[in-house]
Amino acid sequence: MNRARFLIQGIVQGVGFRPFVYGLARRLGLTGYVLNNSNGVEIVLEGPKDRILDFEKQLLSSPPPRARIIQSEKKWEEPVGISEFTIKESCDLDTTYALISPDIATCPDCLKELHDPDNYRYGYPFINCTNCGPRFTITYRIPYDRKNTTMARFTMCPVCQRQYDDPSDRRFHAQPNACAICGPEVILYKNDGTIIETEDPIGSLAMELKRGRSALIKGLGGFHLACDATNSQAVKNLRYHKEREEKPFAIMVPDMEWAESLCELTEADRDLLTCFIRPIVIAPRKPDADICPEVAPGQKTVGMMLPYTPLHHLLMEKVSRPLIMTSGNFSDEPIIYRDDVAKKRLAPFVDYLLLHNRDIYARCDDSVVRTFRDKPYIIRRARGYAPDPLLLPWKSEKTILACGAELKNTFCILKEDRAYISQHIGDLKNPETLDAFRHSLDHFKQIFKLEPEIIAYDLHPDYQSTRFGLEETGDLPKIGIQHHHAHIISVLAEKGIKERVIGVSADGTGYGEDKKIWGGEWLIADFKSFKRLLHLKYVPLLGGDKAVWEPWRMALSYLYPLVGELLVDLPLGCITRVTTENWPVLLKMLRTGLSSPLTSSMGRLFDAVSAILGIRLESHYEAQASMELEQVSEVITDCSYPFEIKGENYPLQVDPAPMIEEILWAVLKKEPVSKIGGIFHNTIALMIREACRRARDESGLNKVALSGGVFQNMLLLNLSADYLEKDGFTVITHSQIPTNDGGISLGQAVIAAEKLKN
Ligand code: ZN
Ligand code: ZN
Ligand code: FE
């Protein structure tokens with residue numbers, strides 16, 4: 001007889017850990033107990049040594065599916081002769097290291113019960129168990145207990161209570177446990193607020209959606225606007241109401257068969273679509289895909305997801321076709337998650353409202369992921385990922401709050417070796433999003449007991465996140481972090497690599513140390529500091545921020561140095577769109593630099609080329625011009641345009657002017673844009689490699705980290721990584737956090753931690 005005590009840390013509460021341990025111990029004939037303690041889960045086992053070791057092996061190699069064991073310790077002790085295995089109640093938890101699980105998609109067991117007419121919860125849209133269901137979005141504070149969630153108002157019926165109390169049951173301590181008798185219910189409304197009396201609200205709504213009607217549907221972390229994705233008119237109507245946006249809409253498909261029929265999927269895409277996170281996966285659309293073009297105008301890809309709540313499963317089965325499922329929000333605002341706000345602001349745009357009475361406490365958008373070299377490449381990190389911390393292989397001495405960037409904002413709280421990155425919050429340009437930021441920050445502090453001691457912020461003085469960091473955090477010490485330094489370190493941090501590298505930040509905007517707008521940068525960077533070795537040659541951002549939304553302005557900036565005032569007569573769309581009376585002031589700006597700050601942005605170079613090619617002169621959403629340029633471009637690797645690298649001293653300047661000249665000629669000769677776009681992408685990839693070679697010559701470094709929003713462009717990312725690797729570089733790319741500004745907060749936090757060490 002032996003006795004061992006295990007201390008397990010990680011995501012081990014609220015994910016069916018104790019029932020799992022209970023079952024495993026009993027199967028192996030071991031006695032002892034399991035309980036939640038201050039650091040996670042504590043297990044005491046008594047029995048033959050080989051069986052205890054077998055237990056350990058099985059627990060560590062295949063823990064319950066949603067658990068994440070970060071650390072496990074074992075101690076041998078003197079056996080005392082326990083007669084059975086029990087789950088011990090634990091009270092008064094110091095939950096310093098306990099983690100709240102992200103929300104989890106409906107598990108196969110619950111799904112089976114949902115469809116079993118003999119089951120107690122047959123057809124119940126809120127069925128869940130310890131392996132699935134809402135977590136993060138319903139929890140106000142720790143410990144993760146029903147009374148601390150939005151389920152508190154529902155009193156369990158005797159059946160639910162019995163299961164909740166039974167250690168051998170799948171619903172043992174499943175906090176959102178509920179049934180049709182005692183739990184939340186769905187109600188279908190007309191858009192004027194009148195309740196539709198029906199036995200089957202989900203079925204009734206499905207009928208209406210099939211007839212081309214639209215609906216507001218309350219989900220897990222917010223509201224969706226929904227309509228039939230195969231019905232052109234229905235999608236057009238929804239688009240019209242959503243402020244005529246052209247942004248691609250995400251769709252939900254009933255099952256994998258549908259997913260396969262719409263998109264070319266790789267094995268990695270399939271894994272992502274079906275995993276318990278259930279993100280939106282962006283994949284190439286098949287030519288004969290049965291969805292209307294209005295779903296994603298100008299795009300060759302579609303973002304789709306599978307149902308992830310029982311409500312979605314029931315709805316999708318009844319609709320049996322893809323539905324638009326786009327976040328219920330207005331451009332730039334965070335997703336709406338409260339019933340009263342949704343009713344007031346979104347109801348006028350739809351025919352029906354499918355609501356339920358389980359409140360959402362934390363808003364959380366759908367996550368968006370694509371795959372790069374068969375690994376996830378996260379575009380938006382939210383539902384299913386947040387609030388899971390990233391575990392770093394080193395520790396920060398202080399607790400640091402990094403406020404993130406302005407667009408696609410997230411914040412990050414770094415404590416010891418854990419980086420708690422918030423869910424995607426959005427664009428902090430308006431008060432609603434800033435409120436969402438504050439609410440989310442308070443929530444994270446609550447559920448993880450975090451108290452920041454140091455503030456890290458972006459150098460851009462006008463970012464709302466910067467203002468928050470400087471003005472709303474009292475007299476805590478503050479550290480400003482350069483934007484592109486943060487990008488580069490964010491990719492190293494997520495990979496646990498702490499060394500000096502060559503960093504390529506291909507980005508839209510980022511405040512530089514010289515107060516200019518950086519964004520095409522080659523840095524030598526470590527966690528403490530960086531040196532700017534090369535950058536794209538500065539060009540004027542014609543008319544300032546307007547140029548971000550009006551790519552034709554960037555076309556003028558790039559063309560003017562080549563042709564001077566002959567510009568006015570070029571037979572290009574980006575020129576002819578300018579009215580005669582506007583020319584004098586534009587030319588004056590080009591001649592003098594008036595109202596045109598200088599930028600080395602890679603994103604703006606893509607915008608300029610998109611406009612010169614006549615693909616997009618004005619963008620209606622961030623990076624639209626660049627995205628559409630990527631979509632029309634062929635893959636070309638045997639042809640490129642010239643460019644120059646200039647300068648005596650660092651930083652050297654990478655000058656794309658010779659390329660722009662060739663592109664201009666090609667356009668005038670009416671060469672196909674797909675070809676010009678393809679050669680352009682190839683040229684930028686070669687430019688990245690050439691500049692990295694210079695950086696290698698200077699530094700002797702051979703590792704290249706790629707980050708920044710422009711690397712959401714998969715054509716560029718693939719070409720760049722291939723060229724660099726063929727040239728002997730080791731290439732580091734993102735997989736766990738976004739390459740866009742959603743990753744900035746992590747970079748800021750780890751840089752601040754390192755700078756503090758002096
Ligand atoms: Zn389940
Ligand atoms: Zn019940
Ligand atoms: Fe950026």
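Our subject in this report is the structure included herewith. (Residues numbered from 1 in each chain as written. Chains lettered and ligands numbered in written order. Predicted model: local features only at pLDDT ≥ 70, side-chain atom pairs only at ≥ 80, totals over all residues. Heavy atoms only, no water.)

Details of unusual backbone geometry
Consideration 1: With an omega of 5°, the peptide bond between A386 and P387 qualifies as cis.
Consideration 2: Within the secondary structure layout, P387 lies in the loop between strand 15 (375-380) and strand 16 (390-391).
Consideration 3: A positive phi angle, near 50°, is found at K408, a position not held by glycine.
Consideration 4: By the secondary structure assignment, K408 is in the loop between strand 17 (400-402) and strand 18 (412-415).
Consideration 5: Despite not being glycine, A623 has its phi angle at roughly 65°, a positive value.
Consideration 6: Relative to the helices and strands, A623 is located in the loop between helix 18 (602-612) and helix 19 (624-632).
Consideration 7: Among the residues examined, A623 registers a relative accessible area of 32% and is labelled partly exposed. (Helix = DSSP H or I, 4+ residues; strand = E, 2+ residues; numbered from the N terminus. Buried < 20%, exposed > 50% of the residue type's maximum accessible area, 1.4 Å probe, protein only.)

Structural notes on the sheet that holds strand 14 (residues 368-372)
Through backbone hydrogen bonds, the strands of a sheet pair up, either in parallel or in antiparallel fashion.
Consideration 1: What the 10 strands build is an open sheet, ordered 6-13-7-8-12-9-11-10-14-15; its pairing is mixed. The outermost strands of the open sheet, each flanked by one partner alone, are strand 6 (186-190) and strand 15. The sheet shows a mean angle of 35° between the axes of neighbouring strands, taken without regard to direction.
Consideration 2: Alignment of strand 6 against strand 13 (residues 352-356), held across 5 bridges, turns out to be antiparallel. (Pairing = 2+ DSSP bridges. Axes fitted to C-alpha atoms, helices over the stretch in contact; angles between N-to-C directions.)

Considerations on the coordination of the zinc ion (ligand 1)
Consideration 1: Coordination of the zinc ion (ligand 1) by the protein is provided by C107 (SG), C110 (SG), C129 (SG) and C132 (SG), with metal-donor distances spanning 2.2 to 2.3 Å.
Consideration 2: Of note is the zinc ion (ligand 1), whose 4 donor atoms meet at the metal with angles of 101 to 122° in an arrangement that counts as tetrahedral.
Consideration 3: Here the donor residues of the zinc ion (ligand 1) are spaced in sequence according to C-x2-C-x18-C-x2-C.
Consideration 4: With a relative accessible area of 2%, C107 lands in the buried category.
Consideration 5: Its relative accessible area of 0% is what places C110 among the buried residues. (Donors = N, O, S within 2.8 Å, 3.2 Å for Na, K, Ca; no water. Tetrahedral: all angles 85-135°; square planar, octahedral: opposite > 155°, others 65-115°.)

Details of the packing of aromatic side chains
Consideration 1: This structure, assessed with the given rule, holds 14 aromatic pairs.
Consideration 2: On the basis of an interplanar angle of 35° and a centroid distance of 4.4 Å, the ring pair of Y420 and F448 is categorised as tilted. One end of the pair, Y420, is in strand 19 (residues 418-421); the other, F448, is in helix 11 (residues 431-448), and 28 residues separate them in sequence.
Consideration 3: For Y420, a relative accessible area of 3% gives the class buried.
Consideration 4: Measuring from centroid to centroid gives 4.8 Å for F606 and F680, while their planes differ by 70°, and the two rings are edge-to-face. (Phe/Tyr/Trp six-rings, centres within 6.5 Å; stacked < 30°, edge-to-face > 60°.)

What to know about the packing of helix 15 (residues 551-563) against helix 17 (residues 583-592)
Any two packed helices are characterised by the angle at which their axes cross and by the distance between the axes.
Consideration 1: Direction vectors running N to C along helix 15 and helix 17 enclose 55°, while the axes themselves pass 11 Å from each other. Relative to helix 17, the element helix 15 lies oblique. Between helix 15 and helix 17 lies a crossing of right-handed hand. Residues W552, R553, L556, S557 and Y560 of helix 15 form the contact with helix 17, whose participating residues are W583, L586, L587, M589, L590 and R591.
Consideration 2: Of the residues belonging to the contact of helix 15 with helix 17, the class tally is 8 nonpolar, 1 polar and 2 charged. (Parallel < 35°, antiparallel > 145°, perpendicular 65-115°, else oblique. Left-handed = near helix turned anticlockwise from the far one by under 90°. Contact = heavy atoms within 4.5 Å. Nonpolar A, V, L, I, M, F, W, Y, C, P; charged D, E, K, R; others polar.)

Some details on the packing of helix 15 against helix 20 (residues 657-668)
Consideration 1: Across the interface, helix 15 lies against helix 20 with an axial gap of 10 Å and an inter-helix angle of 90°. Looking at the two axes, helix 15 sits roughly perpendicular to helix 20. For the pair formed by helix 15 and helix 20, the contact residues are Y558, L559, L562 and V563 on the first element and A657, I660, E661 and L664 on the second.
Consideration 2: Partitioning the contact of helix 15 with helix 20 into residue classes produces 7 nonpolar, no polar and 1 charged.

Details of the sheet that holds strand 16
Consideration 1: Ordered in space as 16-19-18-17-20-21, the 6 strands form an open sheet in which the pairing is mixed. Taken across any chain shown, the strands that pair with only one partner, and hence form the sheet edges, are strand 16 and strand 21 (478-481).
Consideration 2: The pairing of strand 17 with strand 20 (residues 454-458) spans 3 bridges and is classified as parallel. From the neighbouring strand, L401 faces strand 20, where its bridge partner is I455.

Here's the deal with helix 11
Consideration 1: Across its 18 residues, helix 11 extends 26 Å between first and last C-alpha, which sits within 8% of the 26 Å expected from 1.5 Å per residue.
Consideration 2: By the burial criterion, the buried members of helix 11 are T433, L434, A436, F437, S440, L441, H443, F444, I447 and F448.
Consideration 3: On the buried face of helix 11, the contacting elements are strand 17, strand 18, strand 19 and helix 12 (464-471).
Consideration 4: Following helix 11 by one or two positions, K449 adopts a phi angle in the positive range, close to 50°. (Expected span 1.5 Å × (residues − 1).)

Side note on the nonpolar core
Consideration 1: Within the largest apolar cluster, 171 residues are counted, with the highest numbers of intra-cluster contacts made by I43, F55, L315, L605, I663 and I684.
Consideration 2: Here this core takes 11 residues from helix 21 (residues 673-699), the largest share from any one element.
Consideration 3: Setting aside residues up to four positions removed in sequence, L605 forms contacts with L536, Y558, P656, M659, I660, F680 and I684.
Consideration 4: Counting 43 residues, the second-largest nonpolar core is a separate cluster that includes L265, A296, L346 and A347. (Core = buried A, V, L, I, M, F, W, Y, C linked by side-chain atoms within 4.5 Å.)

Digging into the state of the cysteines
Consideration 1: A full pass over the atoms with the stated rule returns 0 disulfides.
Consideration 2: Here C275 stays unpaired: no disulfide links it, and the sulfur of C132, its closest cysteine neighbor, is 14 Å away.
Consideration 3: The partly exposed category is assigned to C275, whose relative accessible area is 22%.
Consideration 4: In this structure C364 is a free cysteine whose sulfur lies 14 Å from that of C275, the closest cysteine sulfur available. (Disulfide = S-S within 2.5 Å.)

Description of the pairing of strand 18
Every regular strand shows the same layout, with side chains that alternate between the two sheet faces.
Consideration 1: Sheet analysis places strand 17 next to strand 18, joined by 3 bridges and oriented antiparallel. Note on strand 18: the bridge partner recorded for L401 is I413.
Consideration 2: When strand 18 meets strand 19, the two strands line up antiparallel, connected through 4 bridges. What sits directly across from K415, in strand 19, is R418.
Consideration 3: What sits between the antiparallel neighbours strand 18 and strand 19 is a turn of 2 residues, in which E416 has the positive phi angle 50°.

Some details on the pattern of salt bridges
Consideration 1: Counting across every chain of the model gives 47 salt bridges.
Consideration 2: Among the salt bridges present, the one from K74 reaches E56, with a minimum N-O distance of 2.8 Å. Note that K74 is positioned in strand 4 (residues 68-77) and E56 in helix 2 (residues 49-61), a separation of 18 residues in sequence.
Consideration 3: What makes K74 partly exposed here is its relative accessible area of 33%.
Consideration 4: The buried category is assigned to E56, whose relative accessible area is 17%.
Consideration 5: Across the pair K236 and E294 runs a salt bridge, and its minimum N-O distance is 3.8 Å. Of this pair, K236 sits in helix 6 (residues 232-241) while E294 sits in the loop between strand 10 (280-284) and strand 11 (301-305); the two residues are 58 residues apart in sequence, bridging distant segments of the chain.
Consideration 6: Residue class for K236 comes out partly exposed when judged on its relative accessible area of 41%. (Salt bridge = Lys/Arg side-chain N within 4 Å of Asp/Glu carboxyl O.)

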